[in-house]
Structures are given as C-alpha cells and as structure tokens.
Amino acid sequence: MLSEGLQGSLEALLDKLASMSEEDRIRSVRSLFGRRGRKAVEALIRGADVWAIEGREVYVISGEKTKYVLVGLKYCSCQDFYLNNVLRHRQLPCYHQLLLMLRLATGKPLPMINSSQLKDVLAEGAGLSGEE
C-alpha cells in the first residue's frame, strides 16, 4: 500500500488533473512520472480497458499481458507495484495507477461490473477460463 502522504498527493493531483484539458493532463503526467507516465498515456491513447467494481473503490485495468486489480490509488496487483512499494519501500505509483488517475480525471463514467462478473473479466485473456 502507498503511504498516506503519497496517496494524498496522488488524490490532490487527480483533482488538479480533472480541471485540465486532456492535452495538459497528458503533458503533466508524462513530465511528472517519466517512463511510467509515458506508459500510462500510451495505454490511455490505445484505449486500455478500465472497469469499476460496483459499490466499491476497486478497479480492474487491462495491462499489456493480463489484467490488474487496483484498490483506489492505494494498491495495484502488478509486479512493479509490489517490487517498488512492498519490497523496496520506494513509494512509486505504477503505470496502472497513473492510467486510472488519467481515466478518472476525464470525468467520464467507467463501465461498471458487479462482484460476480469480476471473475469473468479477470479470466478473459488471462489464461484462467480454461480456453487454449
């Protein structure tokens, strides 16, 4: 989990990004977060899927190879988040968190799925559905 200080900073940045034009949001995230920011912007542009879980502050993001579960801006299930935040204590947001922040800043509603649909969404394309 991110420290409360960094989480608060990301939430404040989300508020600031929401008031910017899309072009300014993209420029800001790229300059503030370097490679991770560029990756998040590329994913946003290519239309990476982002779902919200009904009634929860939980999201699913379609990454390059699989899908990741995010708990708000606090946690991501990806390896980058685990290595930098859990093992190394660096407190760096992963690109999935930055993508979520960019997506939320647009103010456009996210597709909603319920808890029972979560398993199906995670299974699609992740080799969990039994399909070869």
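Residues numbered from 1 in each chain as written. Predicted model: local features only at pLDDT ≥ 70, side-chain atom pairs only at ≥ 80, totals over all residues. Heavy atoms only, no water.

Asker: It is not clear to me how the overall build of the protein chain should be interpreted in this structure. Could you clarify?
Answerer: The secondary structure content of the protein chain amounts to five helices and five strands. Here the protein chain, with 132 residues, has 41% of them falling under the buried criterion. Taken as a whole, the protein chain presents about 7700 Å² of accessible surface, with 49% of it coming from carbon and sulfur. (Helix = DSSP H or I, 4+ residues; strand = E, 2+ residues; numbered from the N terminus. Buried < 20%, exposed > 50% of the residue type's maximum accessible area, 1.4 Å probe, protein only. Areas by Shrake-Rupley, 256 points an atom, 1.4 Å probe, with all protein chains shown as cover.)

Asker: Please explain the packing of helix H2 (residues 22-46) against helix H4 (residues 95-105) as it appears in this structure.
Answerer: To describe two helices that pack against each other, one gives the angle between their axes and the distance between the axes. The geometry of H2 relative to H4 is characterised by a closest axis approach of 8 Å and an angle of 80° between their N-to-C directions. Here H2 is positioned roughly perpendicular relative to H4, judged by the angle of their axes. Residues Arg25, Val29, Phe33, Arg36, Gly37, Lys39, Ala40, Val41, Ala43, Leu44 and Arg46 of H2 form the contact with H4, whose participating residues are Tyr95, Leu98, Leu99, Met101, Leu102, Arg103 and Ala105. Of the residues belonging to the contact of H2 with H4, the class tally is twelve nonpolar, one polar and five charged. (Axes fitted to C-alpha atoms, helices over the stretch in contact; angles between N-to-C directions. Parallel < 35°, antiparallel > 145°, perpendicular 65-115°, else oblique. Contact = heavy atoms within 4.5 Å. Nonpolar A, V, L, I, M, F, W, Y, C, P; charged D, E, K, R; others polar.)

Asker: Is there a simple way to think about the nonpolar core in this case?
Answerer: Here is a general trend for soluble globular proteins: nonpolar side chains tend to be buried in one another's company. Counting residues in hydrophobic clusters, the biggest one holds 30 residues, and the most contacted among them are Leu70, Cys76, Leu99, Leu100 and Met101. Those elements that provide at least two residues to this core are helix H1 (4-18), H2, strand S1 (50-53), strand S2 (58-62), strand S3 (67-71) and H4. Per-element accounting of this core gives the leading share, seven residues, to H4. Not counting residues within four places of it along the chain, the set of residues in contact with leucine 99 comprises Ala40, Ala43, Leu44, Ala48, Val50 and Ile61. Among the nonpolar cores identified, the runner-up in size contains six residues, and Trp51, Ile53, Val60 and Ile113 belong to it. (Core = buried A, V, L, I, M, F, W, Y, C linked by side-chain atoms within 4.5 Å.)

Asker: Is there a simple way to explain the pattern of salt bridges in this structure?
Answerer: When the charged atoms of two side chains lie near each other, side chains of opposite charge can form a pair. Counted under the stated rule, the structure contains four salt bridges. For glutamate 23, the salt bridge is made with arginine 27, and the minimal N-O distance between the two is 3.5 Å. Of this pair, glutamate 23 and arginine 27 both sit in helix H2, four residues apart, which is roughly one turn of the helix. The class for arginine 27 is partly exposed, based on a relative accessible area of 47%. Of the charged contacts, one joins arginine 27 and aspartate 24 as a salt bridge, the two residues approaching to 2.6 Å between their closest N and O atoms. Of the two residues, arginine 27 and aspartate 24 are both situated in helix H2; the distance of three residues between them amounts to about one turn of the helix. (Salt bridge = Lys/Arg side-chain N within 4 Å of Asp/Glu carboxyl O.)

Asker: What's the story with the side chain of glutamine 97 in this structure? I'm lost.
Answerer: Tracing the backbone through its elements, the reader meets glutamine 97 in helix H4. Residue glutamine 97 is classed as buried on the basis of its relative accessible area of 1%. Reaching out from glutamine 97, the side chain makes a polar contact with the backbone nitrogen of cysteine 94 at a distance of 2.8 Å. (Polar contact = N/O pair within 3.5 Å; in protein donor to acceptor, adjacent residues only side chain to side chain.)

Asker: Would you explain the sheet that holds strand S4 (residues 75-76) in this entry?
Answerer: Sheets are built from strands that pair by backbone hydrogen bonding, the pairs being arranged parallel or antiparallel. Strand order in the open sheet made by the five strands is S4-S3-S2-S1-S5, with mixed pairing throughout. Single-partner strands in this sheet number two, and they are S4 and strand S5 (112-113). Across three bridges, the pairing between S1 and S2 is antiparallel. Bridged to alanine 52 within S2 is tyrosine 59. Along the sheet face, H4 touches S1, S2, S3 and S4 and points at about 110° away from the line of S2. (Pairing = 2+ DSSP bridges.)

Asker: Would you mind showing me how to read the side chain of arginine 103 here?
Answerer: Its place among the elements puts arginine 103 in helix H4. For the buried arginine 103, which has no salt bridge, the nearest side chain bearing the opposite charge is aspartate 49, at an N-O separation of 8.3 Å. In contact with arginine 103, other than residues within four places in its own chain, are Leu44, Val50, Lys108, Pro109, Leu110 and Pro111. (Lys, Arg positive; Asp, Glu negative; His and termini not counted.)

All quantities given are derived from atomic positions and should not be read as evidence of function.
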